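Inside the fold
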Amino acid sequence: MPDTALAHQFEDLDQQREVATLGMWVFLVTELLFFGGLFLTYSVYRGWYPEDFAAASHELIVWAGTLNTVVLITSSLTMVLAVHAAEGGHRRALILFLLATMALGCVFLSVKAFEYRTEYLEHHIPGWGFQFKADHFLHAQIFFSLYFVMTGLHALHMINGLGVMAVMVWLSYRGTITPAYSNPIEISGLYWHFVDIIWIFLFPLLYLIGRHVH
Amino acid sequence: MSTESRAATRPYYVVFIALLVCTYLTWQVAFFDLGRLNAIAALGIAGFKATLVVWYFMHARTSSRLTWIVAFGGLLWLFILLALTAGDYLTRG
């Protein structure tokens, strides 16, 4: 058990792990309230303009949103398996699961980019070039503004997550991660799962409003 | 990995399957006209999925009480944010 794993301000590795985990949870709580403000804004406007929100939501590509939900859930599975491999000291499996998680993250972002491109081509980006059925024109822009801000912020978190995972692959490859010092993988996983949870709520709220109408 | 390790990861696969089933459900239920229940069903299923992820994937199951308090504290503040604002917007004439 390498002594270098224990930072000098901690009594032992258990205390160090406890502090790291707690610190990440505190950060995630601030993130929860950060996204919470957007979910609140969404709820207020959806309450005001339900028909416009349903009409705008129908223009989103449902299969792409569903596919991305499955991709992110799968990436959460590979992430938790990476944590398990780290705790068991299986370095090869750890690196492979981290790379699989990153690959799935890239698939998610590619599908998202494809959706943004489609929405750009269909003139669904709010602003001067926005085009929509006349009776929903004004308030559909509010939906699309929220859609781009919420999914954009989520995508930014995914990109951050990919950066974190790249560092974790490097640390694992270098042999810094050991069963005694696996908490970097554990807390990176907490962040990754949190971003997954945000998408779990974004998917039905943005893609599935009033689908039964058509 | 050893068979012992395989047994330890089985719950993760079970949760994974449950999350996929819930995704299918949330997608299917959106195509039925349930009135206001549509939104409640969507949020209910999403909440259940989030709970599964937090409890099993984020290891809340085996986390310390202090971590639980922090997580519940976050939910409490989110509830205050949503409830007080809803209290305003839902009661306007």
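Please read these numbers as outputs of a predicted model, since none were measured by experiment.

The next subject is the domain arrangement of chain B. One can read the domain layout of chain B as domain 1 (1-61) and domain 2 (63-93). The gap between the C-alpha centroids of domain 1 of chain B and domain 2 of chain B is 22 Å.

The next point concerns the interface of chain B and chain A. Each partner contributes residues to the interface: chain B has 36 residues there, and chain A has 34 residues. Elements with a contribution of two residues or more to the side of chain B that touches chain A: helix H1 (3-29), helix H2 (37-57) and helix H3 (65-89) of chain B. The dominant element in the side of chain B that touches chain A, judged by the number of residues it contributes, is H3 of chain B, at 12 residues. The residue makeup of the side of chain B that touches chain A, split by class, is 24 nonpolar, 10 polar and two charged.

A positive phi angle, close to 60°, is found at His 123 of chain A, a residue other than glycine. Note on placement: His 123 of chain A falls in the loop between helix H4 (91-121) and helix H5 (137-174). Since 12 C-beta atoms lie within 10 Å of it, His 123 of chain A is described here as exposed. Despite not being glycine, His 59 of chain B shows a phi value in the positive range, around 60°. Along the chain, His 59 of chain B turns up in the loop between H2 and H3. Overall, His 59 of chain B belongs to the partly exposed group, with 17 C-beta atoms counted inside 10 Å.

Counting residues in each nonpolar core, the largest one holds 69 residues, and the members touching the most others are Ala 82, Ile 198 and Leu 202 of chain A. Of all the secondary-structure elements, those providing two or more residues to this core are helix H1 (13-48), helix H2 (50-57), helix H3 (62-88), H4, H5 and helix H6 (183-207) of chain A together with H1 and H2 of chain B. The biggest single contributor to this core is H6 of chain A, with 17 residues. Non-local contacts of Ala 82 of chain A, meaning those with residues more than four positions away in its chain, are made with Leu 94, Phe 97, Leu 98, Thr 101, Ile 185 and Gly 189 of chain A.

What follows concerns the environment of Leu 22 of chain A. Relative to the assigned elements, Leu 22 of chain A resides in helix H1. Separated by 165 residues in the primary sequence, Leu 22 of chain A and Ile 187 of chain A have C-alpha atoms spaced 9.2 Å apart. When residues no more than four places from it in sequence are discounted, the contact partners of Leu 22 of chain A are Leu 66, Thr 67 and Val 70 of chain B.

Thresholds, definitions, all that
Residues numbered from 1 in each chain as written. Chains lettered and ligands numbered in written order. Predicted model: local features only at pLDDT ≥ 70, side-chain atom pairs only at ≥ 80, totals over all residues. Domains from an automatic or database assignment. Contact = placed C-beta atoms within 7 Å. Helix = DSSP H or I, 4+ residues; strand = E, 2+ residues; numbered from the N terminus. Nonpolar A, V, L, I, M, F, W, Y, C, P; charged D, E, K, R; others polar. Buried ≥ 20, exposed ≤ 12 C-beta atoms within 10 Å, placed from the backbone. Core = buried A, V, L, I, M, F, W, Y, C linked by C-beta atoms within 7 Å.

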